[in-house]
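# Descriptive structure summary
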Amino acid sequence: MKKILVLFVFINLGINSISAQMVFSGITESTAAMNIGAGDSPFFSNGFEQFANLRFQSRLREGGTFLGALNFIAASGTFSDGLADFGNPITITENFVAAIELERLHFRLRGEHLDFDGGLMRLPFGYSQVWGSSDFLNPRNPLKPDARPRGILGTALTWFAHDDLRLSAFYAAPRNALNSDGSGSLFGVSAERHWRRASAQTLYSFETPDTGSSWGIHRAGFSLKADVRIGLIIDALYTYNHTERTELDGLSLSIGADYSFFDGNLIVIAEYLFNGRSSSTALGFGGDFSNNHYLSTSFLWRFNDFTNMNVALISGLEDLSFTPIISFNYEMFQGVILSVSAQVPLDRDLFFNDGNRGEFGPIPPDSLQPLPDRRGSYFNLTARIRLRF
């Protein structure tokens, strides 16, 4: 009994010592949504989600930091259908389905000119604000602007040659976590340089051969941004897969511009995407898009320091399908934000009933559905309260 008591005291002291050095922060979100269904979807459906992201970090002596983040999700209705995207549900009751997801778990060692990161972390690339052509490890979808970027298991070594130039080498584990022979592993290098009004980044990576490519996959790209009265960006990544005999299909290229009016109260952003059929943004190759040409335009109006409204239009230029997105954000008080957004998918079939269903329309074409699945949406409304702590 005495030994158990002594052990308990030591464990308690250890936990208190660690927690004293640990810094916690995070966000919690309460989200409600309603949907007017198209095709085989119910005419009306709704859902509720309670989400929390808990972040923590601790210093490791002089030059190191340990960082981590956990997601906690409880959902019902329409949100419960997509809960498997975060991880296997761990609780299913009459009222909700819940899951816990490990989002980040990594360390950072800092030297005078050299940093080393390792673990479950994010490796972002490129300056694109919408499509993310270079950001192939964290594919984006502008129809899901609130999606939380996933981490990858890997390492990165960064050399700061001087204040405006850094060189990096990185490694990412295979997308198929069960691969034990190293197939599908990814190695790469990148360089980033900053000037007073411009920045540039170059990127190369090699993915070792697996069952999908007996020769491996090469990716090379660059990203530029410049502030010359208007903000300009170019973001490009070329993916070469010898097995697929990739040609122009491997290119993902986005070109964009932004400009502000009325002392910065109105911000206009436009970004075009060329999406090659086997590129980083293509459906089946890590992205979500099946056609070649897309355009995103948005207008953000700031009413004051606490309130703004954003009107965006995501356009498929080949099949003439569109999704307008309207969102309203209001900071109720410091750290508490109310957001309301609505999406209205549109295509030619909706207006003319001619069978020309578009990618961004109420019911996507059969070629984009697995069964095909004719479920879709005419209208979606989401309300969210976010609190930071």
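As the structure is a prediction and not an experimental result, all values here were calculated from the model. (Residues numbered from 1 in each chain as written. Predicted model: local features only at pLDDT ≥ 70, side-chain atom pairs only at ≥ 80, totals over all residues. Heavy atoms only, no water.)

Of regular secondary structure, the protein possesses three helices and 19 strands. Its C-alpha atoms give the protein a radius of gyration of 23 Å, within 12% of the compact-globule value 21 Å for 389 residues. Dimensions of the protein, computed from the C-alpha atoms along their principal axes, are close to 80 × 55 × 50 Å. Out of the 389 residues belonging to the protein, those deemed buried represent 39%. Considering only intrachain contacts with a sequence separation of at least 6, the fraction spanning at least 24 residues in the protein is 49%. Roughly 22100 Å² of accessible area belongs to the protein as shown, and the carbon and sulfur atoms make up 61% of that amount. When the 31 basic and 39 acidic side-chain charges of the protein are each reduced to a single mean position, those positions are 7 Å apart. (Helix = DSSP H or I, 4+ residues; strand = E, 2+ residues; numbered from the N terminus. Rg over C-alpha atoms; globule rule 2.2 N^0.38 Å. Buried < 20%, exposed > 50% of the residue type's maximum accessible area, 1.4 Å probe, protein only. Contact = heavy atoms within 4.5 Å. Areas by Shrake-Rupley, 256 points an atom, 1.4 Å probe, with all protein chains shown as cover. Lys, Arg positive; Asp, Glu negative; His and termini not counted. Charge placed at Lys NZ, Arg CZ, Asp CG, Glu CD.)

Of all residues in the protein, 92% have pLDDT values of 70 or greater, and the mean over the chain is 89. Mean pLDDT across the elements of the protein bottoms out in helix H1 (residues 2–21) (45) and peaks in strand S14 (residues 266–275) (98). Counting interchain partners and residues more than four positions distant, the pLDDT-below-50 stretch residues 1–20 has zero contacts. (pLDDT = per-residue confidence, 0-100.)

Before going further, it helps to examine unusual backbone geometry. The backbone of Leu320 sits at a positive phi, close to 50 degrees, despite the residue not being glycine. Phi is positive for Asn353, which is not a glycine, with a value near 50 degrees. Of note, Asn353 is situated in the loop between helix H3 (348–352) and strand S19 (375–388). Among the residues examined, Asn353 registers a relative accessible area of 66% and is labelled exposed.

Here the focus is the side chain of Ser128. Among the structural elements, Ser128 can be located in the loop between strand S6 (114–121) and strand S7 (152–162). Look at Ser128 and you get buried, because its relative accessible area is 5%. Within the structure, Ser128 has its side chain in polar contact with the side chain of Glu271 (distance 2.4 Å). Beyond its immediate stretch of four places on either side in the chain, Ser128 contacts Ser133, Arg140, Ile233, Asp235, Ser254 and Glu271. (Polar contact = N/O pair within 3.5 Å; in protein donor to acceptor, adjacent residues only side chain to side chain.)

The next thing to look at is the nonpolar core. Judged by nonpolar contacts, Met121, Leu123, Phe125, Phe136, Leu137, Ile152, Ala156, Phe170, Ala172, Leu186, Leu203 and Leu237 together constitute the single largest core of 12 residues. Looking at this core, the elements with two or more residues in it are S7 and strand S8 (165–172). The residues contacting Met121, other than those within four sequence positions of it, are Arg104, His106, Gly151, Ile152, Gly154, Thr155 and Ala156. (Core = buried A, V, L, I, M, F, W, Y, C linked by side-chain atoms within 4.5 Å.)

This part takes up the environment of Gln369. One can find Gln369 in the loop between H3 and S19. Judged by relative accessible area, which is 15%, Gln369 ranks as buried.

Glancing now at the pattern of salt bridges. The tally for this structure, following the rule as stated, stands at 10 salt bridges. Between Glu207 and Arg219 there is a salt bridge, with the nearest N and O atoms lying 2.9 Å from each other. Placement of the pair is Glu207 in strand S10 (residues 198–207) and Arg219 in strand S11 (residues 217–228), with a sequence separation of 12 residues. Using a relative accessible area of 8% as the deciding quantity, one classes Arg219 as buried. Several salt bridges converge on common partners, so that one network encompasses Glu29, Asp146, Arg384 and Arg386. (Salt bridge = Lys/Arg side-chain N within 4 Å of Asp/Glu carboxyl O.)

The next point concerns the environment of Glu103. Mapped onto the fold, Glu103 is located in strand S5 (residues 97–110). What makes Glu103 buried here is its relative accessible area of 13%. C-alpha separation for the pair Glu103 and Phe299, spaced 196 residues apart in sequence, amounts to 31 Å. Reaching out from Glu103, the side chain makes a polar contact with the side chain of Asn71 at a distance of 3.2 Å.

This part is about the packing of aromatic side chains. For the structure on display, the rule yields 14 aromatic pairs. Between Phe125 and Phe170 the ring centres are 5.2 Å apart and the planes differ by 45 degrees, which places this aromatic pair in the tilted class. Remark: Phe170 occurs in strand S8 and Phe125 occurs in the loop between S6 and S7; sequence separation between them is 45 residues. In this structure Phe125 comes out as buried when scored by relative accessible area, which is 5%. (Phe/Tyr/Trp six-rings, centres within 6.5 Å; stacked < 30°, edge-to-face > 60°.)

Turning next to the pairing of strand S2 (residues 44–60). Inspection of the sheet shows strand S1 (residues 22–39) paired to S2 by 15 bridges, in the antiparallel sense. When the sheet's bridge partners are listed, Glu29 is paired in S2 with Phe51. Connecting the antiparallel pair S1 and S2 is a turn made up of four residues. Pairing of S2 with strand S3 (residues 64–77) involves 14 bridges; the strand directions are antiparallel. Bridged to Arg55 within S3 is Ala69. Between S2 and the antiparallel strand that follows it, S3, lie three residues; Arg61 among them carries a positive phi value of about 55 degrees. (Pairing = 2+ DSSP bridges.)

Our focus in this paragraph is the pairing of S14. Within a regular strand, the side chains alternate between the two sheet faces. Of the pairings in the sheet, the one linking strand S13 (residues 251–261) to S14 comprises 10 bridges and is antiparallel in character. Its bridge partner lying in S14, Asp258 is registered against Ile269. Inspection of the sheet shows S14 paired to strand S15 (residues 293–302) by nine bridges, in the antiparallel sense. Its bridge partner being in S15, Tyr272 is matched across the sheet by Leu295.

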